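Listed below are the residues making up each chain.
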Amino acid sequence: MESEGLIVDEQVMAVVLAVLVIVGVFAGSQTFFAGRVVEPFSELGVLGPKMKIGDYPRELIVDESFTLYLHVGNHEGRVMYYTLLVKLGNRTTSISDEEPMDVSVFARYEVVLLDGKNWTRPVTLSVEEPGVNYRLVFELWAYNEGVRDFVYHGRWCQLWLNVTKPAVP
Amino acid sequence: MVSALLLISVSLVVASNPASSELALKARVRLELAEAFVAVAEAERLGGDVSGLVDELNQALILLEEGEMRNDEVMLQEALSKVEDVVARAPVVGQGGVAAMQARTVQSLLVVGVVVALGVIVWHYEPKIFWRLWVRNKRRWKVKA
């Protein structure tokens, strides 16, 4: 009888220890991996004048002001210093995830964001020259501590615009 | 001596031309902003809570943007003083982060130690305690054959 009791005790003990080990390993791994970002990324978005996706301007008159909302989100796992460059190109100017658009900067907005935070701000823009199929491009650049300068982050959005001269009265 | 003279002459040129002094101020704010960001990133890497520093940097960015738009030197100066404040405070925040990280490490080690000690105690004393409690619980029981 006593020996049976001892066998049960050892089995119970083994289960208790196994549970303790599993809980310990789980807690340890949670502590070790806490705050690690598996796939770091940044968000860039352009919202229409009603702060929604849509109602973007398409046809404009020279010097006509229009409002858009710029949205940037940081999921890089660390604090980031972003610069958003607005450029005005056309059908022939190229842009990709690797190369920014090679035209002069139209407007520039900057923000420092903690990990997990986002930023949305209104911007009012206008185009001074008439033209067809303008590409209003928004590029996201981030400060690189190694290079000690802003580096193109590979995120961009665009709006197609037609800008006409005001009608002569 | 020559460099001091050069510095004085540059200062005189800058002082005599408000536009160039404003340009120099903008350039200085931008340089300091980059330096401040590097300091904030380092403080964060050390485990410091940099949210206050980030808020101040963003205030400086707004002041810089408005100062550039309105050509307002006062705003640019204010932006510069905020950025310099961030540069000065960042190492302190970083050190705070190091201390907090050490405290967390000690806490984690203590938790692991307590779990291990509990395991050993359970392993060693549990059968005795369990059967003692079992007997105490069942002592009024009568066994019929």
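Residues numbered from 1 in each chain as written. Chains lettered and ligands numbered in written order. Predicted model: local features only at pLDDT ≥ 70, side-chain atom pairs only at ≥ 80, totals over all residues.

(A) Focus on the overall build of chain B. What chain B contains, in helices and strands, is four helices and zero strands. Secondary structure elements of chain B, listed N to C terminal, follow the sequence α-α-α-α. Pairs at least 24 residues apart make up 67% of the contacts formed inside chain B by residues separated by at least 6 positions. (Helix = DSSP H or I, 4+ residues; strand = E, 2+ residues; numbered from the N terminus. Contact = placed C-beta atoms within 7 Å.)

(B) Representation of the overall build of chain A. When helices and strands are tallied, chain A shows one helix and eight strands. When the helices and strands of chain A are read in sequence order from the N terminus, they spell out α-β-β-β-β-β-β-β-β. Taken over the C-alpha trace, chain A has a radius of gyration of 27 Å; the compact-globule value for 169 residues is 15 Å, which it surpasses by more than 25%. Its C-alpha atoms give chain A principal-axis dimensions of roughly 110 × 35 × 25 Å. (Rg over C-alpha atoms; globule rule 2.2 N^0.38 Å.)

(C) Quick look at the confidence of the model for chain B. Residues and elements named next belong to chain B. The share of residues in chain B with pLDDT of 70 or more is 87%, and the mean pLDDT across the chain is 87. Across chain B, helix α3 (residues 51-70) holds the top mean pLDDT of 95, while helix α1 (residues 2-16) sits lowest at 49. Taken over the whole predicted complex, pTM reads 0.75, whereas the ipTM for its chain interfaces reads 0.78. (pLDDT = per-residue confidence, 0-100.)

(D) Quick look at the interface of chain B and chain A. With 19 residues of chain B at the interface, the matching set in chain A holds 17 residues. For the side of chain B that touches chain A, the secondary structure elements donating two or more residues are α2 (18-45), α3 and α4 (73-138) of chain B. Each residue belonging to the side of chain B that touches chain A can be placed in one class, and the counts come to 13 nonpolar, four polar and two charged. (Nonpolar A, V, L, I, M, F, W, Y, C, P; charged D, E, K, R; others polar.)

(E) Local environment of the packing of α3 of chain B against α4 of chain B. Residues and elements named next belong to chain B. Viewed as axis vectors pointing N to C, α3 and α4 meet at an angle of 160 degrees, and their least axial separation amounts to 8 Å. One finds that α3 runs roughly antiparallel with respect to α4. In terms of crossing hand, the pair formed by α3 and α4 is left-handed. Taking contact as the criterion, the partners of L53, E56, L57, Q59, A60, L63, L64, E66, G67 and R70 in α3 are, on α4, M75, L76, E78, A79, K82, V83, D85, V86, R89, A90 and V93. (Axes fitted to C-alpha atoms, helices over the stretch in contact; angles between N-to-C directions. Parallel < 35°, antiparallel > 145°, perpendicular 65-115°, else oblique. Left-handed = near helix turned anticlockwise from the far one by under 90°.)

(F) Main features of the sheet that holds strand β5 (residues 105-113) of chain A. Residues and elements named next belong to chain A. Pairing is mixed across the open sheet formed by five strands, whose spatial order is β2-β8-β7-β4-β5. Unpaired on one side and paired on the other, β2 (59-61) and β5 mark the two borders of the sheet. Within the sheet, the average angular offset between the axes of one strand and its neighbour, ignoring direction, is 35 degrees. Examined bridge by bridge, β2 and strand β8 (residues 149-164) share three bridges and lie parallel to one another. By the bridge assignment, L60 is partnered in β8 with V163. (Pairing = 2+ DSSP bridges.)

(G) Summary view of the domain arrangement of chain A. As assigned here, chain A comprises domain 1 (1-34) and domain 2 (41-164). Computed over C-alpha atoms, the centres of domain 1 of chain A and domain 2 of chain A are 56 Å apart. (Domains from an automatic or database assignment.)

(H) Representation of the environment of L57 of chain B. Tracing the sequence through the fold places L57 of chain B in helix α3. Looking at L57 of chain B, the number of C-beta atoms within 10 Å reads 26, which means it is buried. Here the alpha-carbon distance between L57 of chain B and V83 of chain B, two residues 26 residues apart in the chain, equals 6.2 Å. In this structure L57 of chain B touches V112 of chain A together with A36, F37, V40 and V86 of chain B, once residues within four positions along its chain are discounted. (Buried ≥ 20, exposed ≤ 12 C-beta atoms within 10 Å, placed from the backbone.)

(I) Up close: unusual backbone geometry. We note that M51 of chain A has phi near 60 degrees; this positive angle belongs to a residue other than glycine. Here M51 of chain A is to be found in the loop between β1 (41-47) and β2.

(J) Main features of the pairing of strand β7 (residues 131-144) of chain A. Residues and elements named next belong to chain A. Examined bridge by bridge, strand β4 (residues 80-89) and β7 share eight bridges and lie antiparallel to one another. Counterpart to L84 in the pairing with β7 is L140. Of the strand pairs in this sheet, β7 and β8 are connected by 12 bridges, and their pairing is antiparallel. Within β8, the residue paired with N144 across the bridge is D149. Connecting β7 to the antiparallel partner β8 that follows it, the hairpin turn spans four residues, and R148 within it adopts a positive phi of roughly 60 degrees.

(K) Just the nonpolar core, in detail. Residues Y82 of chain A together with F37, V40, L53 and L57 of chain B are the most contacted members of the largest nonpolar core, which totals 50 residues. If you list the elements that add at least two residues to this core, you get β3 (66-75), β4, β5, β7 and β8 of chain A together with α2, α3 and α4 of chain B. Element by element, the count of residues in this core is highest for α2 of chain B, at eight residues. The contacts of Y82 of chain A, once residues within four sequence positions are left out, are V72, E110, V111, L113, L140, W141 and A142 of chain A. (Core = buried A, V, L, I, M, F, W, Y, C linked by C-beta atoms within 7 Å.)

(L) α3 of chain B, seen in detail. All names here are of chain B. Under the 1.5 Å per step criterion, the end-to-end length of α3 is 29 Å for 20 residues, consistent within 8% with the ideal 28 Å. L53, V54, L57, A60, L61, L63, L64 and G67 are the residues of α3 that are buried. Phi turns positive one or two residues past the end of α3, at N71, with a value near 55 degrees. (Expected span 1.5 Å × (residues − 1).)

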